[in-house]
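In case you want the letters, here they are:
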Amino acid sequence: MDTIFTRIIKGEISCVRVYEDEHTFAFMDIAPAARGHTLVISKEPYPQLTDVPADVLAAVAQTTKRVAQAIVLALHPDGFNIVQNNGSAAGQTVFHYHVHIIPRWQGDNALQHWPPGSSDAAELQELADQIRAQL
Ligand code: AMP
């Protein structure tokens with residue numbers, strides 16, 4: 001099923017394009033969290049990170065680095081966030097794998113960092129054991 005991003009790649013919906021190659025496409029986010037907020041997507045519409053084949057993932061990572069470097073040179077932010085949401089509980093709204101590049105300026109409050117949680121050593125060990133068992 002087509003996502004809004006598939007329709008953008010096909011040219012059925014307009015966008016402000018930044019970069020395109022065989023596997024990836026980058027364009028300006030229509031509702032930017034900060035000036036220069038850019039999206040990098042896979043051309044194939046995989047729903048989320050865990051669905052993306054390794055070669056496509058590598059291609060998206062390379063494009064993300066390339067576009068982030070260009071944003072730094074063009075806009076001179078103090079830093080940038082790479083954000084990648086998976087699942088509606090994590091804030092994903094478009095189910096077509098994509099990476100956000102969000103330029104940041106000191107004190108801009110564009111994104112809130114998560115509040116620090118607390119941890120228990122035994123629980124961390126148990127969680128790590130559960131995760132490792134699935135690798
Ligand atoms: P996510 O919440 O991680 O799924 O992010 C989806 C992003 O896509 C949001 O930041 C939206 O602002 C952006 N978006 C949705 N529709 C468009 C569009 N037509 N052109 C550009 N960005 C879009």
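Scope of this entry: the structure provided in the associated data block. From a predicted model like this one, the values you see are computed outputs, not experimental measurements.

Considering the site of the ligand
Inspection of the region around the ligand gives 16 residues, with D29, G91, T93, H98 and H100 positioned closest. At 3.1 Å from a nitrogen atom of the ligand is found a main-chain nitrogen or oxygen belonging to I30. With respect to the ligand, the side chain of H100 contributes an N or O atom lying 2.8 Å from an oxygen atom. Burial of the ligand by the surrounding chains reaches 84%, relative to a free accessible area of 510 Å². Going through the elements one at a time, α1 (4–10), β2 (24–28) and β5 (98–104) are the ones with two or more residues in the shell around the ligand. With 3 residues, α1 is the largest single contributor of residues to the shell around the ligand. Split by residue class, the shell around the ligand holds 9 nonpolar, 6 polar and 1 charged.

Brief notes about the packing of aromatic side chains
One pass over the structure, following the stated rule, counts 2 aromatic pairs. Centroid distance F5 to F27: 5.4 Å. Interplanar angle 80 degrees. Geometry classified as edge-to-face. On the criterion of sequence distance, the pair formed by F5 in helix α1 and F27 in strand β2 is long-range, its members being 22 residues apart. On the numbers, 5.8 Å between centres and 55 degrees between planes, the contact of F25 with F27 is tilted. Here F25 and F27 have matching classes, each one buried. Clustering of aromatic rings is evident, with ring pairs tying together F5, F25 and F27.

Overview of the side chain of S42
By secondary structure assignment, the location of S42 is in strand β3 (residues 38–42). Overall, S42 belongs to the buried group, its relative accessible area being 0%. There is a polar contact of 2.7 Å between the side chain of S42 and the backbone oxygen of E44. With near-sequence residues (within four places) excluded, S42 lies in contact with I9, H23, V56, V60, H96 and Y97.

Description of the pattern of salt bridges
The tally for this structure, following the rule as stated, stands at 6 salt bridges. A salt bridge links R7 to E12; the shortest N-O distance between them is 3.1 Å. You can call R7 partly exposed: its relative accessible area is 36%. For E12, a relative accessible area of 46% gives the class partly exposed. Among the salt bridges present, the one from R104 reaches D108, with a minimum N-O distance of 2.9 Å.

Calculation rules
Residues numbered from 1 in each chain as written. Predicted model: local features only at pLDDT ≥ 70, side-chain atom pairs only at ≥ 80, totals over all residues. Heavy atoms only, no water. Near = heavy atom within 4 Å. Polar contact = N/O pair within 3.5 Å; in protein donor to acceptor, adjacent residues only side chain to side chain. Areas by Shrake-Rupley, 256 points an atom, 1.4 Å probe, with all protein chains shown as cover. Helix = DSSP H or I, 4+ residues; strand = E, 2+ residues; numbered from the N terminus. Nonpolar A, V, L, I, M, F, W, Y, C, P; charged D, E, K, R; others polar. Phe/Tyr/Trp six-rings, centres within 6.5 Å; stacked < 30°, edge-to-face > 60°. Buried < 20%, exposed > 50% of the residue type's maximum accessible area, 1.4 Å probe, protein only. Contact = heavy atoms within 4.5 Å. Salt bridge = Lys/Arg side-chain N within 4 Å of Asp/Glu carboxyl O.

From the geometry alone we can't say anything about function, so treat these as descriptive.
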